[in-house]
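Remarks on the overall topology
Listed below are the residues making up each chain.
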Amino acid sequence: MKSGAFLSTGFFTMILALEMCDSILVYGMTDGSYCSNANHSFVPYHYYEPSRLDECRMYRAHEHAKRGGHRFITEKLIYSRWASQGKLQFVYPSCSNSSADLYSSFKVTEFHHAIKHTNLKKWAGKEGYVPVYGNKSMNLHCRQCALVTSSSHVLGTHAGDEIDRTECIIRMNDAPTTGYESDVGNRTSVRVVAHSSVFRVVRKPAEFLNRSESPAIIFWGPSTKIGRDAKGTLYRLIQRVSMTYSNLSFFFIPPGKMQKFDTLFQKETGRDRKKSQSWLSTGWFTMVIAIEMCDNIKVYGMVPPNHCGKHPQPKRLPYHYYKPRGPDECVTYLQNERGRRGSHHRFITEKQVFARWAKQYNISYSHPTW
């Protein structure tokens, strides 16, 4: 009041957002130093009023007003400090805690002292994948594998024929091939399915179960949901489906091996999965399974760890290629990586590990290449 300032709607809005949100992405806000750059171009103060006053001219006029002005620049300096507390991130354009800075904060050097490299060809010992029904064994070995992700980056690649020519093809969850054959191919050798995707897979048997080829389907999840001892709805459903579709081989990851996946995450990242409130992604399980069974792996559609921190910001793409109206890929990655309340996938951290594994296990990345 003594400085003759009015608080802006942005100030009230930012505080309300911090009160109600665990993680915030702010779109379109420049930082406090932006208008000090003499080379910036004319930008209207409001996107819906293209003929109004230039944004930076408005900011400077208000900042220096003796009576009645908003202190936009001062407020932005405060937001920068609040961002350092971890809940707040600025995109389009990015500010002082941009996604590039976010990624730099997750460099491997942050936890290099705790990393213990594991030989993934032998990591699980005799702990294997347990058949849901019967006495089948998961002993598939392939010289060349294609790991097809669910990312929208596969769209428009026309990689389908190349993928289908690969000896073994690995897919995840309920990622379909029908309608997308030119980009993702049609064959499937192994499908890795999270407990949360079981119903989506089972309710579309024509897509995932009634194929002439005889793929293996590996289910992962807490033993309380899919374990034999649980005998819950999911386990009974998986068991019934495995008896019905005897041409397929159904397996689940037993509790002992699930624990080993957790231990592997801690060894490779230095982070305790449970204490850090992390959920391992289906991509994590799938990459490890692929390394176990394949001599060479080509991964389609997976972005590198620093992708969402590039300048200019990457083009917005749906998280899944088969859900065009789904959430944006980078927004999903950043929100999960920074989430502190509730459990989140640490996609970026996992990709940093995958980058290291690429050098050890003959893994290459395509669309994009990295």
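Residues numbered from 1 in each chain as written. Predicted model: local features only at pLDDT ≥ 70, side-chain atom pairs only at ≥ 80, totals over all residues. Heavy atoms only, no water.

A closer look at the overall build of the protein
Selection rule: Only runs of H or I of at least four residues qualify as helices and only runs of E of at least two qualify as strands under DSSP, and these elements are numbered from the N terminus. The rule is simple: take the accessible area with a 1.4 Å probe, protein chains only, and divide by the maximum for that residue type; under 20% is buried, over 50% is exposed, in between is partly exposed. We call two residues in contact when some of their heavy atoms are within 4.5 Å. The method behind every accessible area is Shrake-Rupley, applied with a 1.4 Å probe, and residues are considered shielded solely by the protein chains displayed.
For the protein, the count of helices and strands is 14 helices and 14 strands. Scored against the burial criterion, the 370 residues of the protein give a buried share of 51%. In the protein, the proportion of contacts linking residues at least 24 apart, taken out of those at least 6 apart, comes to 70%. A total of about 18,700 Å² of accessible surface is found on the protein, and carbon and sulfur atoms cover 54% of it.

What about the state of the cysteines?
What counts is decided by this rule: Here, two cysteine sulfur atoms that lie within 2.5 Å of each other are counted as a disulfide.
Tallied over the full model, the rule gives three disulfides. Here Cys-142 engages in a disulfide with Cys-168; their sulfurs sit 1.9 Å apart. Its S-S torsion of about -75 degrees marks the bond between Cys-142 and Cys-168 as left-handed, since a negative value means left-handed. Linking Cys-142 in strand 6 (residues 142-148) with Cys-168 in strand 7 (residues 168-172), this pair joins segments that are 26 residues apart in sequence.

Description of the UniProt feature "signal peptide" (unreviewed entry) in the protein
Applicable threshold: UniProt positions are given in the numbering used here, feature names are shortened, and annotations may be inferred rather than shown by experiment.
If you check UniProt for "signal peptide" (unreviewed entry), the listed places come out as residues 1-17 in our numbering. Helix makes up 53% of residues 1-17 and strand makes up 12%, while its end C-alpha atoms are separated by 24 Å.

Digging into the pattern of salt bridges
Our working rule: The term salt bridge refers to a pairing of a side-chain nitrogen on Lys or Arg with a carboxyl oxygen on Asp or Glu at a separation within 4 Å.
Under the definition given, this model contains seven salt bridges. Salt-bridge contacts for Arg-200 lead to Asp-174; the nearest nitrogen and oxygen are separated by 3.2 Å. You can see Arg-200 sitting in helix 7 (residues 198-202) and its partner Asp-174 sitting in the loop between strand 7 and helix 6 (181-184), a full 26 residues away along the chain. A salt bridge links Asp-262 to Arg-273, with the shortest nitrogen-to-oxygen separation between them at 2.8 Å. Here Asp-262 is found in helix 11 (residues 255-269), whereas its partner Arg-273 is found in the loop between helix 11 and strand 11 (278-279), with eleven residues between them in sequence. With respect to class, Asp-262 is no different from Arg-273; both count as buried.

A closer look at the sheet that holds strand 10 (residues 249-252)
The line we're drawing: Only strands joined by at least two bridges in the DSSP assignment are considered to pair. Fitted lines through C-alpha atoms give the axes, limited to the stretch in contact for helices. The angle between two N-to-C directions lies from 0 to 180 degrees.
Taken together, eight strands build an open sheet; the order of strands is 5-10-9-8-7-6-12-14 and the sheet is mixed. Only two strands of the sheet have a single neighbouring strand rather than two, namely strand 5 (130-131) and strand 14 (363-366). Taken together, the six bridges between strand 6 and strand 12 (residues 294-300) define a ladder with parallel strand orientation. Each bridged residue has a counterpart across the sheet, and for Val-148 the counterpart in strand 12 is Tyr-300. Along the sheet face, helix 12 (residues 282-293) touches strand 6, strand 7, strand 8 (190-194), strand 9 (216-220), strand 12 and strand 14 and points at about 145 degrees away from the line of strand 12.

Overview of the nonpolar core
We count it as follows: Side-chain atoms within 4.5 Å are what join buried Ala, Val, Leu, Ile, Met, Phe, Trp, Tyr and Cys residues into a set we call a nonpolar core.
Judged by nonpolar contacts, the single largest core of 41 residues is most densely connected at Phe-261, Trp-284, Met-287, Met-293, Trp-357 and Ile-363. Here this core takes eight residues from helix 12, the largest share from any one element. Leaving out residues up to four positions away in the same chain, Phe-261 has contacts with Trp-123, Tyr-129, Ile-253, Leu-280, Trp-284, Phe-285 and Val-288. Formed by 19 residues, the second largest nonpolar core is a distinct cluster that contains Val-201, Ile-217, Tyr-235 and Tyr-245.

Let's talk about the pairing of strand 4 (residues 88-91)
In regular strands, side chains alternate between the two faces of the sheet. Covered by surrounding structure in strand 4 are Leu-88 and Phe-90 together with Gln-89 and Val-91, the residues of both alternating faces. Here strand 2 (residues 24-27) pairs with strand 4 via four bridges, running parallel. Each bridged residue has a counterpart across the sheet, and for Leu-25 the counterpart in strand 4 is Gln-89.

Observations concerning the side chain of Ser-281
Along the chain, Ser-281 turns up in the loop between strand 11 and helix 12. When sequence neighbours within four positions are dropped, the list of residues in contact with Ser-281 reads Trp-220, His-345, Phe-347 and Glu-350.

Observations regarding the packing of helix 11 against helix 14 (residues 347-360)
Note the cut-off: Angle categories are assigned with fixed cut-offs, so that under 35 degrees is roughly parallel, over 145 is roughly antiparallel, 65 to 115 is roughly perpendicular, and the rest are oblique. Charged means Asp, Glu, Lys or Arg here, nonpolar means Ala, Val, Leu, Ile, Met, Phe, Trp, Tyr, Cys or Pro, and polar covers whatever is left, Gly included.
Where helix 11 contacts helix 14, the axes come no closer than 10 Å and their chain directions differ by 80 degrees. Taken together, the axes of helix 11 and helix 14 are roughly perpendicular relative to one another. Contacts from Leu-264, Phe-265, Glu-268 and Thr-269 of helix 11 reach helix 14 at Thr-349, Glu-350, Val-353, Arg-356 and Trp-357. Of the residues contributing to the contact of helix 11 with helix 14, the split by class is four nonpolar, two polar and three charged.

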